[in-house]
Amino acid sequence: MIQFVFWTCIFLVLYTYIGYAIVIFILARLFPYPIQRKEGEQNSEGKQFPPLTLFITAYNEAEIIPEKMSNCLELDYPVDKLHILWVIDGSTDHSRELLKQYPMVEIVGSPLRRGKTAAVNHGMEYVKTPVVVFSDANCLLNAEALKIIADQFSDPTIGCVSGEKRVAFSSDDTVSSKGEGAYWKYESLLKRLDFEFYSAVGAAGELFAVRKELFDSMEEDTLLDDFMLSMRIAQKGHRIAYTSNAYAVEYGSLNMEEEGKRKRRIAAGGWQSIGRLLPLLNVFKFGKLSFQYISHRVLRWSVTPFALFALFPLSAILGYRSSSSFNVFYVIFALQCLCYLCAALGYARRNNPNSSKLFYIPYYFLFMNINVMRGIYYLFSRRFVGGWEKSQRK
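Residues numbered from 1 in each chain as written. Predicted model: local features only at pLDDT ≥ 70, side-chain atom pairs only at ≥ 80, totals over all residues. Heavy atoms only, no water.

Chemist: I would appreciate a short explanation of the overall build of the chain in the present structure.
Modeler: For the chain, the count of helices and strands is 13 helices and eight strands. Dimensions of the chain, computed from the C-alpha atoms along their principal axes, are close to 75 × 50 × 40 Å. The long-range fraction of contacts in the chain, counting pairs at least 24 apart against all pairs at least 6 apart in sequence, stands at 79%. Of the roughly 18,200 Å² of accessible surface on the chain, 60% is carried by carbon and sulfur atoms. Of the charged side chains in the chain, 44 are positive and 38 negative, and the gap between their average positions amounts to 6 Å. (Helix = DSSP H or I, 4+ residues; strand = E, 2+ residues; numbered from the N terminus. Contact = heavy atoms within 4.5 Å. Areas by Shrake-Rupley, 256 points an atom, 1.4 Å probe, with all protein chains shown as cover. Lys, Arg positive; Asp, Glu negative; His and termini not counted. Charge placed at Lys NZ, Arg CZ, Asp CG, Glu CD.)

Rendered as structure tokens:
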């Protein structure tokens, strides 16, 4: 029985973090989803782009509003078809006063702090365009992002489009930025392969778009509004496109303590999402989407972190009991010891900008999995309606 549990844990860990990437790469190459276009759709420079709303939610973001608005005004999209909407959620700073300097901006919101999901639900009541592009206030978009995203909707099977999140860091940044940057490179690869095979699994809140007609109000205590909104659209039978050419750039967390706040919230949101998207676990009904959702998200957010940490004592016990001349369990135990040692050195050097990938990647990997467990406590010990827990960024 112990060996069965051990090999099950080995399979879960290897499949979740390595195996699925290999499987989806092969599937995307052998069975790519065909690109579809509306009849008569053109790809020329004279293409007609749909009216869209750039939707930005904010709580006390006065410090970055000038830079964000400068970026918005530099976006390459027909001015007569671009509507900019800011939803201010109970801010106590001078965000509204700053935004009033821009006549092209519509400002809505609540004087009370109700939380991001409530702000999204409220703001969507004012959206009149067929396409809505959501973007965080603290990130900057590339100039072509809106056109690239709008073009994806020429495929009638697409209900949501996810842009790419890029983490900016410099040589003097520490693990909080560099670890997050390495993680998002891996995550972006999976998103691209997922989309090539069938559909991306969720959208990044920094930059994603939906068809207005497909939006449904969400529960106000929703932690991962971007994921829930995009996956509920996929649940209706629409695909989530992914494009790396439309991207949002933001700085990483100020330090690992601030990154921990963010990871715990995301992990809690993962647990919450699994509970609210239970029908998507039915592979007989949702087929490819269920397979991708379970492999890419559910395992990573639920059982695999427990399997990862269970391997250490299990391999030690089985190694001690084994009488084989070549003790594979001790080999696996030794490899884990090496990984944990590198992670410990990464932890010790977490504030050192010269920390090597050999140390900070194992540390960040274990850090993420620990926070999946901490997310359970976060989910059941906190009240989420009425506020955002924001981690500080550089």
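Chemist: Looking at this structure, I do not really get helix H13 (residues 357-381). What am I missing?
Modeler: In an α-helix, one turn spans 3.6 residues, which is why side chains three or four residues apart end up on the same side. Across its 25 residues, H13 extends 35 Å between first and last C-alpha, which sits within 8% of the 36 Å expected from 1.5 Å per residue. Maximal helix bending in H13 amounts to about 30°, located at Met 373. The N-capping residue of H13, defined by a side-chain oxygen 3.1 Å from the backbone nitrogen of Leu 358, is Ser 356. (Expected span 1.5 Å × (residues − 1). Bend = angle between axes of the 7 residues up to and from the residue. Polar contact = N/O pair within 3.5 Å; in protein donor to acceptor, adjacent residues only side chain to side chain.)

Chemist: How should the pairing of strand S6 (residues 158-168) be read in this particular structure?
Modeler: The two faces of the sheet receive side chains in turn, since in a regular strand these alternate between them. Counting buried positions over the eleven residues of S6 gives nine, a clear majority of the element. Where S6 meets strand S8 (residues 239-251), nine bridges bridge the pair, whose relative direction is parallel. Paired with Ser 162 across the strands is Tyr 242, a residue of S8. In the sheet, S6 pairs with strand S7 (residues 207-211) via three bridges, with the strands oriented antiparallel. Counted as the bridge partner of Ser 162 is Phe 208 from S7. (Buried < 20%, exposed > 50% of the residue type's maximum accessible area, 1.4 Å probe, protein only. Pairing = 2+ DSSP bridges.)

Chemist: Would you mind going over a nonpolar patch on the surface with me for this structure?
Modeler: A cluster of nonpolar side chains, contributed by Leu 14, Ile 18, Ile 22, Phe 25, Ile 26, Leu 30 and Phe 31, occupies part of the molecular surface with about 690 Å² of accessible area. Within the element layout of this structure, Leu 14 appears in helix H1 (residues 2-30). Classification of Leu 14 as partly exposed rests on a relative accessible area of 46%. (Patch = residues over 30% accessible without salt bridge, like charges linked within 9 Å, V, L, I, M, F, W, Y side chains within 5 Å. Salt bridge = Lys/Arg side-chain N within 4 Å of Asp/Glu carboxyl O.)

Chemist: Would you mind going over the environment of Pro 51 with me for this structure?
Modeler: Along the chain, the position of Pro 51 falls in the loop between H1 and strand S1 (52-58). In this structure Pro 51 comes out as partly exposed when scored by relative accessible area, which is 35%. C-alpha of Pro 51 to C-alpha of Ile 149: the two residues are 98 residues apart in sequence and 12 Å apart in space. Dropping the residues within four chain positions of it, Pro 51 is found in contact with Lys 81, Thr 129, Pro 130 and Val 131.

Chemist: I would appreciate a short explanation of the pairing of strand S2 (residues 82-89) in the present structure.
Modeler: For S2, the tally of buried residues reaches seven of eight residues, placing the bulk of the element in the interior. Both S1 and S2 contribute to a ladder of seven bridges, which runs parallel. By the bridge assignment, Leu 52 is partnered in S2 with Leu 82. For the segment spanning S1, helix H2 (residues 65-73) and S2, crossover handedness is right-handed. (Right-handed = clockwise from strand over helix to strand, strands pointing away.)

Chemist: Would you mind going over the packing of aromatic side chains with me for this structure?
Modeler: Two measures describe an aromatic ring pair: the distance that separates the ring centres and the angle between the ring planes. Overall, the coordinates contain 19 aromatic pairs when judged by the stated rule. Each ring, one from Tyr 15 and one from Tyr 20, has its centre 6.2 Å from the other, and the planes form 65°; the classification is edge-to-face. For the pair formed by Tyr 15 and Tyr 20, the shared burial category is buried. On the basis of an interplanar angle of 70° and a centroid distance of 5.8 Å, the ring pair of Tyr 347 and Tyr 363 is categorised as edge-to-face. Highlighted residues: Tyr 347 in helix H12 (residues 328-348) and Tyr 363 in helix H13, separated in sequence by 16 residues. A relative accessible area of 45% means that Tyr 347 is categorised as partly exposed. Clustering of aromatic rings is evident, with ring pairs tying together Phe 11, Tyr 15, Tyr 20 and Phe 291. Across from the ring centre of Tyr 183, 4.5 Å away, lies the NZ or CZ of Lys 263, which sits over that ring. The ring centre of Phe 197 lies 4.8 Å from the NZ or CZ of Lys 288, which sits over that ring. (Phe/Tyr/Trp six-rings, centres within 6.5 Å; stacked < 30°, edge-to-face > 60°. Lys NZ or Arg CZ within 6 Å of the ring centre and 35° of its normal.)

Chemist: Looking at this model, I keep getting lost on the pattern of salt bridges. Mind explaining?
Modeler: Between side chains of opposite charge, pairing is possible as soon as their charged atoms come close. Applying the stated criterion across every chain, the model contains 17 salt bridges. Ionic pairing is found between Asp 216 and Lys 236, a salt bridge with its closest N-O pair at 2.6 Å. Here Asp 216 is found in the loop between S7 and helix H7 (225-235), whereas its partner Lys 236 is found in the loop between H7 and S8, with 20 residues between them in sequence. Asp 216 sits in the partly exposed class, given a relative accessible area of 42%.

Chemist: Honestly, the environment of Lys 236 in this entry has me stumped. Any pointers?
Modeler: Taking the relative accessible area as the measure of exposure, Lys 236 reaches 41% and is therefore partly exposed. Once residues lying within four places of it in the same chain are set aside, the contact partners of Lys 236 are Leu 214 and Asp 216. Among the polar contacts made by the side chain of Lys 236, one reaches the main-chain carbonyl oxygen of Leu 214 at a distance of 2.9 Å.

Chemist: Which parts of the structure should I look at to understand helix H11 (residues 303-321)?
Modeler: Here H11 is 19 residues long and its end C-alpha atoms lie 26 Å apart, about the 27 Å a rise of 1.5 Å per residue gives. The sharpest bend along H11 measures roughly 35° and falls at Leu 311, with the proline Pro 313 sitting one to four residues further on.

Chemist: Sorry, what's going on with the side chain of Glu 164 here?
Modeler: In this structure, Glu 164 sits in strand S6. According to the relative accessible area criterion, Glu 164 is buried, its value standing at 12%. Apart from residues no more than four positions distant in its own chain, Glu 164 is found in contact with Ser 188, Tyr 242, Thr 243, Ser 244, Ala 246, Tyr 247 and Ala 248.

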